Amino acid sequence: MWQTGLTCMPDHPLAEIAEKPDEKQSANGIYRVLYDGQCEICQACVSWLKALDREKRTVCLAISADVLASVDSRLRMEDCLRQLHVVTPEGEIHVGWDAVANLARLFRSTWLIGTLGIRVPFRNVGRLLYGFVARNRYSLSKCRGGACSVAKPNEVRRQARLGAFWSCYTLGFFIRLPLVMWSGITSAAQRMRIFVRTYHYRLDLLDGKLTILFLNGMLPNTVPLLFGELFTTVIYDGVAVDPGSPKMRSSLSRHLRRLKPKITKIVATHAHEEHVGNLNWLSEVSGAPVYVTELTARFLTPFKKLPWVRAMIIGQPPDLKQPYQLLGERVDTQSGQLRVIPTPGHCDDHIGLYDPKEKLLLAGDAFMGSYFATPNPDVDSRKWIESLERLMELDIEILVEGHGHIHTLRADISDFPGVVVRENPKVALSQKLDYLRWLREQIAAGFQEQLPVRVIEASCFPWGNRTSWESCATDECIRMLSLGHFSRTELVRSFVRTNSEALPTVYEVRLSGRE
Ligand SMILES: [Zn+2]
């Protein structure tokens, strides 16, 4: 667990604010906005423009030689880097403050500003202010945030001072702060809706072959409410997967009393506390044997003492008791077989279960949404990339996550908003893969430039990526509540870990010392 549950987000995780130029757009009454993709201030303004522009009357294009040539041959790179350019549907070019004012006139909430802004004396004041910001923002905008796709990125990097980087990054954040807060509020409301809908709920799918039991508990409930991760036990063709933690036991017991399922085997996908706390208990009440991998068994005997926050909220699992069986390459189900697929990354002992007949993958925590930001300390992102590459070789039509999300386009899985995500699982997996590879490059480049860990961390969350600021409130909330156990900093560490040991804390201190 412990990645932010942004699984339901329809956009590509790397959806930058920039769009691609399109020939047809000029004919459709679209305003084309050309902005400096390197500049945090420009990017922040574009975020606002996107929030205002509900009817999609504008398209925002980060400047590059190709983009300029395809939009209008009159546009010159030097001019466009200096100030904002907007090409109207009629082919007029507005520049600087006039461009801002003309854009403002497009939307009801800013119409007045725009209308006054093109009249004397407001126009003169506007131009003066715009000129000041435009002249000075370039000295601030030394972006290392992966947005450096325009004009001399190497020179920008060379000249950049960390002070400039941070002031730029911070300014970009504050310009967006109202948007960050609004996004925090709307996602909290959405989490609440899904929580209510799934409270002690049971979802029967594929004619009862696949059952998702949603687990609740007084303190565990804080997790779905704050972070959007739901707790579940999956029963697939007689195999019960990940039976929850002791603090969810009464919820599981209630499900079993009502459903009276035939359980032939109990399997754990990995040794995290919310997946394994009821293994022995369920085995006792159902009579079914427990199956775990050798590594999982080692993690569970004895189960290490959890940090107190996790022990308090999820519950400290008991040690795994004999008898239990070791997982081989396959698990027999009532009507077929599941292949056991090693998927280390989320943690070393992680496995997935795959039914080739149904083209269904029980992914456990090996997916957790295309975008994530706050991994647990035992995540190894390089191994995760390899695991995802392995999963990409499978033919998957239904992907069932360990925290209550199902990704599928199949019509025989009925809709359930907030749980069933209508997307091709392979596309979702490849998006996650792209995202992790991008992070890997970003982090490697940061270390090569000998940047402090905090700067590398910030550069992995450029405000130009919508998810960076949309999930910012939730991510920081997770960092605070987990006392730093799960954080954006851990994401950087998850790429620099050596084979089995976690990056020691002193490493970060040493690197930060350079700043
Ligand atoms: Zn986990």
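For the structure given in this document, a descriptive report is provided here. (Residues numbered from 1 in each chain as written. Predicted model: local features only at pLDDT ≥ 70, side-chain atom pairs only at ≥ 80, totals over all residues. Heavy atoms only, no water.)

**Digging into the environment of Gln337**
- Its place among the elements puts Gln337 in strand β13 (residues 337-342).
- As for Gln337 and Asp355, which are separated by 18 residues in sequence, their C-alpha atoms are 6.6 Å apart.
- Non-local contacts of Gln337, meaning those with residues more than four positions away in its chain, are made with Arg330, Val331, Asp332, Tyr354, Asp355 and Pro356.
- For Gln337, the side chain forms a polar contact with the side chain of Arg330, separated by 3.2 Å. (Helix = DSSP H or I, 4+ residues; strand = E, 2+ residues; numbered from the N terminus. Contact = heavy atoms within 4.5 Å. Polar contact = N/O pair within 3.5 Å; in protein donor to acceptor, adjacent residues only side chain to side chain.)

**Considerations on the nonpolar core**
- Counting residues in hydrophobic clusters, the biggest one holds 42 residues, and the most contacted among them are Leu361, Leu436, Leu439 and Phe461.
- Of all the elements, helix α16 (residues 425-448) adds the most residues to this core, at nine residues.
- Residues in contact with Leu436, not counting those within four places in the same chain, are Phe372, Ser381, Trp384, Ile385, Leu388 and Phe495.
- The next biggest cluster of nonpolar side chains, apart from the first, holds 32 residues, and it includes Val223, Ala240, Met248 and Leu306. (Core = buried A, V, L, I, M, F, W, Y, C linked by side-chain atoms within 4.5 Å. Buried < 20%, exposed > 50% of the residue type's maximum accessible area, 1.4 Å probe, protein only.)

**A word on the layout of surface pockets**
- Of the volumes computed, that of the second largest pocket is approximately 760 Å³.
- Every residue lining the second largest pocket is counted, 30 residues in all, and those nearest its centre are Cys45, Leu84, Trp97, Val100 and Tyr130.
- Looking at the lining of the second largest pocket, the elements with two or more residues in it are β1 (31-35), α1 (40-52), α3 (77-82), α4 (96-104) and α6 (122-140).
- The biggest single contributor to the lining of the second largest pocket is α1, with seven residues.
- Considering only residue class, the lining of the second largest pocket consists of 24 nonpolar, three polar and three charged. (1 Å grid on protein atoms, 1.4 Å probe; cavity = no way out; pocket = protein on both sides within 12 Å on 5 of 7 lines; lining within 4 Å. Points joined across faces, edges and corners; volume = space filled by probe spheres on them. Nonpolar A, V, L, I, M, F, W, Y, C, P; charged D, E, K, R; others polar.)

**Observations regarding the environment of Glu229**
- Checked against the element boundaries, Glu229 lands in the loop between α9 (222-227) and β7 (231-236).
- On the accessibility criterion, Glu229 (2% relative accessible area) is buried.
- As for Glu229 and Arg191, which are separated by 38 residues in sequence, their C-alpha atoms are 8.8 Å apart.

**Description of the sheet that holds strand β14 (residues 351-355)**
- Ordered in space as β12-β13-β14-β15-β16-β17-β18, the seven strands form an open sheet in which the pairing is mixed. The open sheet has two free edges, formed respectively by β12 (330-332) and β18 (420-421), since each of these has just one partner strand.
- Two strands pair when backbone bridges link them, and β14 and strand β15 (residues 360-364) are joined in this way by three bridges, in the antiparallel orientation. Looking at β15, one finds that Asp355 is bridged to Leu360. (Pairing = 2+ DSSP bridges.)

**What to know about the packing of α16 against helix α20 (residues 488-496)**
- Two numbers describe how α16 lies on α20: the axes approach to 10 Å, and their chain directions differ by 85°. Looking at the two axes, α16 sits roughly perpendicular to α20. Here α16 contributes Tyr435, Leu436, Leu439, Arg440, Ile443 and Phe447 to the contact with α20, which in turn contributes Leu491, Val492, Phe495 and Val496.
- Across the contact of α16 with α20, the residue classes break down as nine nonpolar, no polar and one charged. (Axes fitted to C-alpha atoms, helices over the stretch in contact; angles between N-to-C directions. Parallel < 35°, antiparallel > 145°, perpendicular 65-115°, else oblique.)

As far as function goes, none of this settles anything; it's purely spatial.
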